[in-house]
Amino acid sequence: MRRGRLRVLLGAAPGVGKTFAMLEEGHRLRAEGVDVVVAIVETHGRAATASLTDGLETVPRRAVEHRGVVLDEMDLEAVLARRPALALVDELAHTNAPGAASDAGPAHEKRWQDVETLLSAGISVLSTVNIQHIESLNDVVRQITGVPQRETIPDAVLRAADQIELIDLAPQALRDRLADGRVYPAERIDAALSNYFQLGNLTALRELALLWLADEVDSALRDYRAEHGIDSTWEARERVVVALTGGPEGETLLRRGARIAARSSGGELLAVHVTTHDGLRASNPGALAEQRALVDTLGGTFHQVVGDDVPRALVDFAKAANATQLVIGVSRRSRLAAAVTGPGIGSTVVRESGNIDVHIVNHAAAGGRFRLPRLGGALSVRRRITGFVAALLGGPLVTWLLLLTRTDQSITSEVLAYQLLVVVVALIGGFWPAVFAAVLSGLTLDFVFVQPLYTVTIDDPAHLVALVLYVVIAVIVSAVVDLSARRARTARRAAAESELLATIAGSVLRGEGALQALVSRTREAFSLAGVRLVAGDRVLAVDGEPVRGGDFTSVAIGSRAVLELHGGVLAAADRRLLAVIATQLDASLEHTDLRATAEEVGPLAATDRVRSALLSAVSHDLRRPLAAATAAVTGLRATDVELTPTDRDDLLETADDSLSTLASLVTNLLDVSRLQAGVLAVTVAGIDVEDAILPAFDELGIGPDDVELDLDPQLPAVLADAGLLQRVIVNLLTNAQRFTPEGTPVRISTSTFRGTVEIRIVDHGPGIAPERREDVFVPFQRLGDTDNLTGLGLGLALSKGFIEGMGGTLEPEDTPGGGLTMVVSLPTEDGAAG
């Protein structure tokens, strides 16, 4: 039996239109004569989606009872019996209710297993799934949204689909659709917009879906090329590979490669560094690290491969990556070196690259001059001296032994013996002692063993050739031994430098104790007796035992301090590293100074701002109730005016209201001072949120027509101070009522999310610009309110302080359709206990 085909519509989030698109496709195929049935569709109460099921045959669902609740599941047996050409199956990752077994077989745990049964029966399936349900992305989605996904589908099942299509919708368009009530009912809109459907969450999920699908397309393309044995490059998009050697030309090559990749939409930049198995190929670790950072800045990826045949490894990597362009630099070798050693990497890469375009880029370091090896070599002075001594002593000794055992006129054995001497000297002392031994032994061969004897002349041309070859071979062997020692020392040096620089960078990033860590590492790295960091008469850091009165090396650390190095003389190579350490020390000192200055200035500036605001507010807001109370009392005490009982009652009421207002203002001022001093008394206990909301209504005199309630009856208890929480709700409700248009009720809703309870107080006023939202929580700030009823501007500052004192948060958000929503988040009693 021919297996059915699986087609999946992938979405970044609920509400993007997967089910709608599936039903529209069902109608289109039915119009073309395809036998289509709706196996199961989840409309989630969306009228537009439900209306699309009209005109399509729908297989009745199977009722399944689970824990006393009757659930509707797809009737797999009925779909198999109906045997359509195409079945529409919504929500591929859905978990079936336990006990949904049928005559078609045992119950499947997942709906995708039901789909597998349909496919095996030859029925094609069109289904839907969201990106958050893919098994491999489950942890990533949880980090983005904070919501764990219990219903997942294995990647292998989804990748095995015959066709995957992305149903895409811009994040803001999805939020607009949600705000219009086309995704969730009205009571769920606010919580959804503020939690899972935040703009950042939707953007990240959309990117995740696009990247997953792009990777799936790349995998399908690679599989097709592998199945059909296609080795040539397919330019589906530009992939530019840049070869890095760790040399100074790396930055030039990377920027050129980035420009090439940018010329085509979706171009990809890949940087690759080829290292040999022995790790001795010359490269600058510091330059390579800088180039790796540049790759990240340019939006590319860095790769490192191992291979002794560098051109072959480079081309193989480019072909495996399906690269269209390969960027390499002109060789840094001199013309003489190129003539001696033959064509370089560039020529081989061009020859082996096939259809890949190769760009050989010129740079400042190209075509370096030819230089003889330095006299210093890679070995220590002691080993070189030992090599010269071995040549001086070994030459006469070998000559004496050869004279004792000489039996014929051939010089073959003598040449081999002296060759062995040269190899031994090269192993001991390196290049120059070996060259000295080769020349000395060549002269000895000519003088002692070649006719005419005891003269530096040669009769037989064959002997001349042998002597020349002997000297050449001796020099080559010496160079090879010296080069091996040089590379080994370079590798050890590079490893040590990398470790030191990594430690230094980590010490500076840690901040605290960075100076001491840098000084200690400096002493250890250069094997010094002691190191001190001195600023004037103060010792900032010290490690080891600096020699009192002894000689030391001083290094200026900017204009702030001096680094003293005791107990050794640094080589030129060490001074290069020392310059890096000095730079890091200077940066650390600057960081310390700036932090100290900020710690000193910050509180002073904040105190000054609060003092200025306090004086401004007190001079205005405290004066009003004082003036009103004073005027009322003065009127009551006046003897020259006869007051009626009504006038007297009015004056008493004015005095009472003014003194109450004054008491409230003073209480708020005291609370602000306690908050800033950190001595506010907070008694946290498990309470019901309604016990704080309903008394707030009584305090403000709010009736049923003034507020719209949406309180979750299953809400868990929260950890809060009941009195302070009531004051917060009173403050927030007062602000919401002040700005809500006449006749529009304030809305209060509660919900639970990720171990917290959220209280949302929603108004439909003018709202607050995003850049000014933090200002509303600053004491004595009223954002332009100048009427005589707004108080000192302490309400929101106190509310935020009270909530944070209870371990929660207070955040402003936009109200869909206009206005401001204040969200109070408090930990649940169960969540805090867990």
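Rules behind the numbers
Residues numbered from 1 in each chain as written. Predicted model: local features only at pLDDT ≥ 70, side-chain atom pairs only at ≥ 80, totals over all residues. Heavy atoms only, no water. Helix = DSSP H or I, 4+ residues; strand = E, 2+ residues; numbered from the N terminus. Buried < 20%, exposed > 50% of the residue type's maximum accessible area, 1.4 Å probe, protein only. Contact = heavy atoms within 4.5 Å. Areas by Shrake-Rupley, 256 points an atom, 1.4 Å probe, with all protein chains shown as cover. Pairing = 2+ DSSP bridges. Axes fitted to C-alpha atoms, helices over the stretch in contact; angles between N-to-C directions. Patch = residues over 30% accessible without salt bridge, like charges linked within 9 Å, V, L, I, M, F, W, Y side chains within 5 Å. Salt bridge = Lys/Arg side-chain N within 4 Å of Asp/Glu carboxyl O. 1 Å grid on protein atoms, 1.4 Å probe; cavity = no way out; pocket = protein on both sides within 12 Å on 5 of 7 lines; lining within 4 Å. Points joined across faces, edges and corners; volume = space filled by probe spheres on them. Parallel < 35°, antiparallel > 145°, perpendicular 65-115°, else oblique. Left-handed = near helix turned anticlockwise from the far one by under 90°. Nonpolar A, V, L, I, M, F, W, Y, C, P; charged D, E, K, R; others polar. Phe/Tyr/Trp six-rings, centres within 6.5 Å; stacked < 30°, edge-to-face > 60°. Core = buried A, V, L, I, M, F, W, Y, C linked by side-chain atoms within 4.5 Å. Lys, Arg positive; Asp, Glu negative; His and termini not counted. Charge placed at Lys NZ, Arg CZ, Asp CG, Glu CD.

Secondary structure summary: the protein chain contains 25 helices and 24 strands in total. Within the protein chain, buried positions represent 40% of all 834 residues. Long-range contacts, defined here as pairs at least 24 residues apart, represent 70% of the contacts in the protein chain between residues at least 6 apart. When the accessible area of the protein chain is evaluated, it comes to approximately 43,800 Å², of which 55% is carbon and sulfur surface.

The subject of this paragraph is the sheet that holds strand S8 (residues 163-167). Spatially, S3-S2-S6-S7-S1-S8 is the arrangement adopted by the 6 strands of the open sheet, whose pairing is parallel. Two strands in the sheet have a free side with no partner beyond their single neighbour: strand S3 (57-58) and S8. The pairing of strand S1 (residues 6-11) with S8 spans 5 bridges and is classified as parallel. By the bridge assignment, glycine 11 is partnered in S8 with isoleucine 167. Packed on one face of the sheet, helix H1 (residues 18-31) meets S1, strand S2 (36-40), strand S6 (86-89), strand S7 (124-130) and S8 and runs near 165° to S7.

Now for the environment of leucine 403. Among the secondary structure elements, leucine 403 is positioned in helix H15 (residues 381-405). Judged by its relative accessible area of 45%, leucine 403 falls in the partly exposed class. For the pair formed by leucine 403 and valine 448, sequence separation is 45 residues and the distance between their alpha carbons is 8.9 Å.

This paragraph deals with a nonpolar patch on the surface. There is a patch of nonpolar side chains on the surface, built from Val381, Ile385, Phe388, Val389, Leu392, Leu393, Phe436 and Leu440 and spanning about 690 Å² of accessible area. Residue assignment for the nonpolar patch shows that the elements contributing at least two residues are H15 and helix H17 (431-449). A per-element tally of the nonpolar patch places H15 first, with 6 residues. Here phenylalanine 388 shows up in helix H15.

Right, let's talk about unusual backbone geometry for a bit. Positioned with a positive phi, histidine 44 is a non-glycine residue whose angle comes to about 55°. Mapped onto the elements of the fold, histidine 44 is located in the loop between S2 and helix H2 (47-51).

Looking now at empty space enclosed by the protein. In total, this model carries 2 cavities of 30 Å³ or more according to the counting rule given. Of the volumes computed, that of the second largest cavity is approximately 50 Å³. Lining the second largest cavity are Ala12, Ala13, Val16, Leu169, Ala170, Pro171, Leu174, Leu202 and Arg206. Mapped by element, the contributors of at least two residues to the lining of the second largest cavity are helix H7 (171-179) and helix H9 (199-227).

A few words now on the pattern of salt bridges. For the coordinates displayed, the defined rule picks out 26 salt bridges. The salt bridge partner of glutamate 165 is arginine 7, with a shortest N-O separation of 2.7 Å. Linking glutamate 165 in strand S8 with arginine 7 in strand S1, this pair joins segments that are 158 residues apart in sequence. Between arginine 62 and aspartate 75 there is a salt bridge, and its shortest N-O distance comes to 3.3 Å. Of this pair, arginine 62 sits in strand S4 (residues 62-66) while aspartate 75 sits in the loop between strand S5 (69-73) and helix H3 (76-82), placing them 13 residues apart in sequence. Classification of arginine 62 by relative accessible area gives partly exposed; the value is 22%. Relative accessible area serves as the criterion here: at 13%, aspartate 75 is assigned to the buried category.

Turning to the packing of H15 against H17, a few remarks are in order. Two elements in contact, H15 and H17, have axes separated by 9 Å at closest approach and are oriented at 20°. The orientation of H15 relative to H17 falls into the category roughly parallel. For H15 against H17, the interelement crossing comes out right-handed. Across the interface between the two elements, Arg384, Gly387, Phe388, Ala391, Leu392, Thr399, Leu402 and Leu403 from H15 touch Trp432, Pro433, Phe436, Ala437, Leu440, Thr444, Val448 and Phe449 from H17. By residue class, the composition of the contact of H15 with H17 is 12 nonpolar, 3 polar and 1 charged.

Along the polypeptide, serine 749 turns up in strand S21 (residues 746-753). Overall, serine 749 belongs to the buried group, its relative accessible area being 7%. Ignoring any residue separated from it by four or fewer positions in sequence, one finds serine 749 in contact with Asp710, Glu758, Ile759 and Arg760.

Glancing now at the pairing of strand S24 (residues 820-827). Burial runs high along S24: 7 of the 8 residues are buried. Summarising the sheet, strand S22 (residues 756-762) and S24 pair through 7 bridges and their orientation is antiparallel. Looking at the pairing, isoleucine 761 lines up with methionine 822 of S24. Two elements, strand S23 (residues 809-814) and S24, share 6 bridges in a ladder whose sense is antiparallel. Across the sheet, glutamate 811 pairs through a bridge with valine 823, a residue of S24. Two successive antiparallel strands, S23 and S24, enclose a turn made up of 5 residues, where glycine 817 displays a positive phi of approximately 95°.

Now for the packing of aromatic side chains. Taken as a whole and assessed by the stated rule, the structure comprises 3 aromatic pairs. Between tyrosine 184 and phenylalanine 197 the ring centres are 5.7 Å apart and the planes differ by 85°, which places this aromatic pair in the edge-to-face class. With tyrosine 184 in the loop between H7 and helix H8 (186-194) and phenylalanine 197 in the loop between H8 and H9, this residue pair connects regions lying 13 residues apart in the sequence. Both residues of the pair, tyrosine 184 and phenylalanine 197, belong to the buried class. Three or more aromatic residues joined by ring pairs form one cluster here, namely Tyr184, Tyr196 and Phe197.

Side chains that are nonpolar tend, in soluble globular proteins, to be buried together. Counting 61 residues, the largest nonpolar core has Leu88, Val89 and Ile131 as the members making the most contacts within it. In terms of residue count, the dominant contributor to this core is H9 (6 residues).

What follows concerns a negative patch on the surface. A surface patch of negative charge is lined by Asp647, Asp649, Asp650, Glu653, Asp656 and Asp657. The residue aspartate 650 is located in helix H21 (residues 645-677) in this model.

Strand order across the open sheet formed by 4 strands is S15-S14-S17-S16, with antiparallel pairing between neighbours. This sheet does not close on itself; its edge strands, each paired only once, are strand S15 (538-544) and strand S16 (552-557). Sheet twist, expressed as the average angle between the axes of neighbouring strands with direction ignored, equals 15°. As judged from the 6 bridges shared by strand S14 (residues 530-535) and S15, these two strands associate in the antiparallel manner. Along S15, the bridge assignment pairs valine 534 with valine 539. On the sheet, helix H19 (residues 514-526) packs against S14, S15 and strand S17 (561-566) and is oriented at approximately 40° with respect to S15.

These values are about where atoms sit, not about what they do.
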